[in-house]
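Breakdown of the fold
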Amino acid sequence: MKNVEKQMKIDDSISVICQEMGLSYDYAKCPNRKREVVDTRHLIARILKDQYDLSAAEIAPHINRSRSNTVISLRNSKAWVKINKTFREKYTRVKTALENHFKQKDLESALPQF
């Protein structure tokens, strides 16, 4: 995947995650400690790691956090997906929304252009 295409897919994924969580991307990046904002940042980090195999240093600018905070976020979110029912439900909902979004995009790109 070319860098430009990969970056566009990453940005598209972040947009879908934020939309599914009901937040704007700018609000998700702000230094806010509200649960919905923190969970959104954790979900963005976890999805970027799972989907695109990005390192913590590559994920950090997307969530406006340091690399070390991103490492902790990745470690925690990995455990939460396994043991925290509420976080797992959010993760599953976001993954489903992403799959549906990219299926729809693939269908649209397969249509003939007039």
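Preceding this paragraph is the structure being described.
About the criteria used
- Residues numbered from 1 in each chain as written.
- Predicted model: local features only at pLDDT ≥ 70, side-chain atom pairs only at ≥ 80, totals over all residues.
- Heavy atoms only, no water.
- Salt bridge = Lys/Arg side-chain N within 4 Å of Asp/Glu carboxyl O.
- Helix = DSSP H or I, 4+ residues; strand = E, 2+ residues; numbered from the N terminus.
- Buried < 20%, exposed > 50% of the residue type's maximum accessible area, 1.4 Å probe, protein only.
- Phe/Tyr/Trp six-rings, centres within 6.5 Å; stacked < 30°, edge-to-face > 60°.

1. Examining the pattern of salt bridges
Counted under the stated rule, the structure contains six salt bridges. Asp-39 is the salt-bridge partner of Lys-90, the closest N and O atoms lying 2.5 Å from each other. Highlighted residues: Lys-90 in helix H6 (residues 85-110) and Asp-39 in helix H3 (residues 35-52), separated in sequence by 51 residues. For the pair formed by Lys-90 and Asp-39, the shared burial category is buried. Lys-49 is paired through a salt bridge with Asp-53; the nearest N and O atoms lie 3.9 Å apart. If you follow the salt bridges from partner to partner, you end up with Arg-35, Asp-39 and Lys-90 in one network.

2. Examining the packing of aromatic side chains
Taken as a whole and assessed by the stated rule, the structure comprises one aromatic pair. Considering the side-chain rings of Trp-80 and Phe-87, the 5.6 Å spacing of their centres and the 70° angle between planes classify their relative orientation as edge-to-face.

That's the geometry; what it means functionally is another story.
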